Amino acid sequence: MLHDPNHLYIFDTTLRDGEQVPGCQLTTSEKIDIAQDLERLGVDVIEAGFPVSSPGDFQSVVELSKAVNDVIICALTRANQNDIDVAAEALKYAKRPRIHTGIGASDMHIKYKFNSTREEILERAVAAVKHAKSYVEDVEFYAEDAGRADLAYLAQMVEAVIAAGATVVNIPDTNGYCLPDQYGAKIKYLTEHVRNIDQAIISAHCHNDLGLATANSIAAIQNGARQVECTINGIGERAGNTSLEEVAMILQVHKQSFGDLSSNINSKMFTYISQKVSSMMRMPVQPNKAIVGKNAFAHSSGIHQDGFLKHRENYEIIRPEDVGLDEAGIILTARSGRHALKHHLERLGYQLDKEQLAATYEQFLVLADAKKDLDDEDLKSLMQS
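Heads up: these notes are all about the structure in this document.

This next bit is on the environment of glutamate 144. Tracing the sequence through the fold places glutamate 144 in strand E5 (residues 138–144). Residue class for glutamate 144 comes out buried when judged on its relative accessible area of 18%. For the pair glutamate 144 and aspartate 173, spaced 29 residues apart in sequence, the C-alpha to C-alpha distance is 7.7 Å. Residues within four places of glutamate 144 in sequence aside, it is in contact with Ile103, Gly104, Ala105, Ser106, His109, Lys113, Pro172 and Thr174.

Structure below.
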């Protein structure tokens, strides 16, 4: 598969791994709605579901295949013939179909999940890729629990599945176990020791059990990975997956560190799509979540507010407009300074000289101590008292 080494492929699994969160199941029509937004957002691949797992998942993959035009639609399978047959059937309407098959790569999984041997697992991996390849040109292979797999064996597995026809090899840190330098080194080892690695894209699929999913994905990119598997709001199994919006904004903010590497993501859609996914899946976004949390661009400390109002970049490395917000929030609390109060009063049309501001500020502090957060109505009442 020919791929642009300067393009970072964004593989969105919100509708598969993200939907595995208890209580977050979506109807097929809701999935289509989100998928069409993901296409507008600029993702390269949408993992639409695990067709063999339920009739609903099968139907979702069928309908999503019909509903989107330019995005690759991907269906997940285990490394067995029936899973792959069912996925191929579900993908029959996809303009750009991909089958995502795989098996455990760590000795832990080989012994305790499959009760098998390294040799047998390797044979099953190759057979699955060949079978998937008989249906579609684009086959992605996942080496589950690669984060804890033996490096030499992992390299042997990756080389074998590429030789069998895999176009993408996914190196998942399934349990969110790795440190960024460990995961990055694992990707680098594969680029240096797998002879046919140039014939496939290396993909990073990181979980957030230790809060390192985004950091690990960035380490993977820095060491040669060119696809990142992620979700809106970082939702997903257990502690979640790599957050799509975080990866995209890191790439944007640190352009100089990534050379010509770029994605097709339209970051101005982040606030909108984050809120939509949160609402549809009934999964609130934590207020301090990077990029899309409601406090991500809110300044409440007086020192921060003063510095921000003097020069935005004192306390912001991303413009709110770049992620679809109208403006940053200067939140009025008892920790706010005169500068923030003056800013809000002027916004409401009140012009105060220095002495008036000082007197109003004293009254403001009394009110702020009593009420925590103040809104425009409180300020108007304050000015009328």
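Enumeration according to the criterion identifies 28 salt bridges in this entry. Of the charged contacts, one joins glutamate 47 and arginine 16 as a salt bridge, the two residues approaching to 3.1 Å between their closest N and O atoms. Taken together, the residues glutamate 47 in strand E2 (residues 45–49) and arginine 16 in the loop between strand E1 (9–12) and helix H1 (28–41) connect sequence positions 31 residues apart. On the accessibility criterion, glutamate 47 (0% relative accessible area) is buried. A salt bridge links glutamate 137 to lysine 133; the shortest N-O distance between them is 3.0 Å. With relative accessibility at 25%, the residue lysine 133 sits in the partly exposed group. Overlapping salt bridges bring together Asp33, Asp37, Arg40 and Lys276 as one network.

Below, the discussion takes up the state of the cysteines. Following the criterion strictly, the structure yields 0 disulfides and no others. The closest cysteine sulfur to the non-disulfide-bonded cysteine 178 is located on cysteine 206, 7.7 Å from its own sulfur. Judged by relative accessible area, cysteine 178 falls into the buried class, the value being 2%.

Taken N-terminus to C-terminus, the directions of helix H8 (residues 213–222) and helix H9 (residues 244–253) make an angle of 45 degrees; their axes are 10 Å apart at the nearest point. The angle between H8 and H9 falls in the class oblique. Crossing hand, H8 versus H9: right-handed. Residues Thr214, Ser217, Ile218 and Ile221 of H8 pack against Glu246, Val247 and Ile250 of H9. Here the residues of the contact of H8 with H9 are counted per class, giving 4 nonpolar, 2 polar and 1 charged.

Within the span of helix H15 (residues 376–384), buried status applies to Asp378, Leu379 and Leu382. Along H15, the residues classed as buried sweep out an arc of 100 degrees about the axis, all on the same side. In H15, the exposed residues that point more than 90 degrees away from the buried face are Glu377 and Gln384. For H15, the secondary structure elements touched by its buried residues are helix H13 (338–347) and helix H14 (354–371).

Parameters and conventions
Within each chain, residue numbers correspond to sequence positions counted from 1 in written order. In keeping with the predicted nature of the model, local features appear solely for residues at pLDDT of at least 70, side-chain atom pairs appear and are counted solely at 80 or more, and the whole-chain, interface and lining totals rest on all residues. The basis for every side-chain value is the complete set of non-hydrogen atoms in the structure, without hydrogens or water. Secondary structure elements are defined from DSSP: runs of H or I of at least 4 residues count as helices, runs of E of at least 2 residues count as strands, and each element is numbered from the N terminus. Per-residue accessibility, obtained with a 1.4 Å probe over protein chains only, is compared with the maximum for each type, and a residue is labelled buried under 20%, exposed over 50%, and partly exposed between these values. In this analysis, two residues are considered to be in contact whenever any of their non-hydrogen atoms come within 4.5 Å of each other. What counts as a salt bridge is simple: a side-chain nitrogen of Lys or Arg found within 4 Å of a carboxyl oxygen of Asp or Glu. Note on terminology: disulfide denotes any pair of cysteine sulfur atoms within 2.5 Å. Axis definition: a line fit to C-alpha positions, over the contact stretch in the case of helices; interaxial angles, taken between N-to-C directions, run 0 to 180 degrees. Here roughly perpendicular refers to angles of 65 to 115 degrees, roughly parallel to angles under 35, roughly antiparallel to angles over 145, and oblique to all remaining angles. A clockwise turn of the near helix away from the far one marks a right-handed crossing, whereas an anticlockwise turn of less than a right angle marks a left-handed crossing. Here the nonpolar group is Ala, Val, Leu, Ile, Met, Phe, Trp, Tyr, Cys and Pro; Asp, Glu, Lys and Arg are the charged ones; every other residue, Gly included, is treated as polar. To obtain the arc, one takes the directions from the helix axis to the C-beta atoms.

Take it as geometry only, folks, not as evidence of what the structure does.
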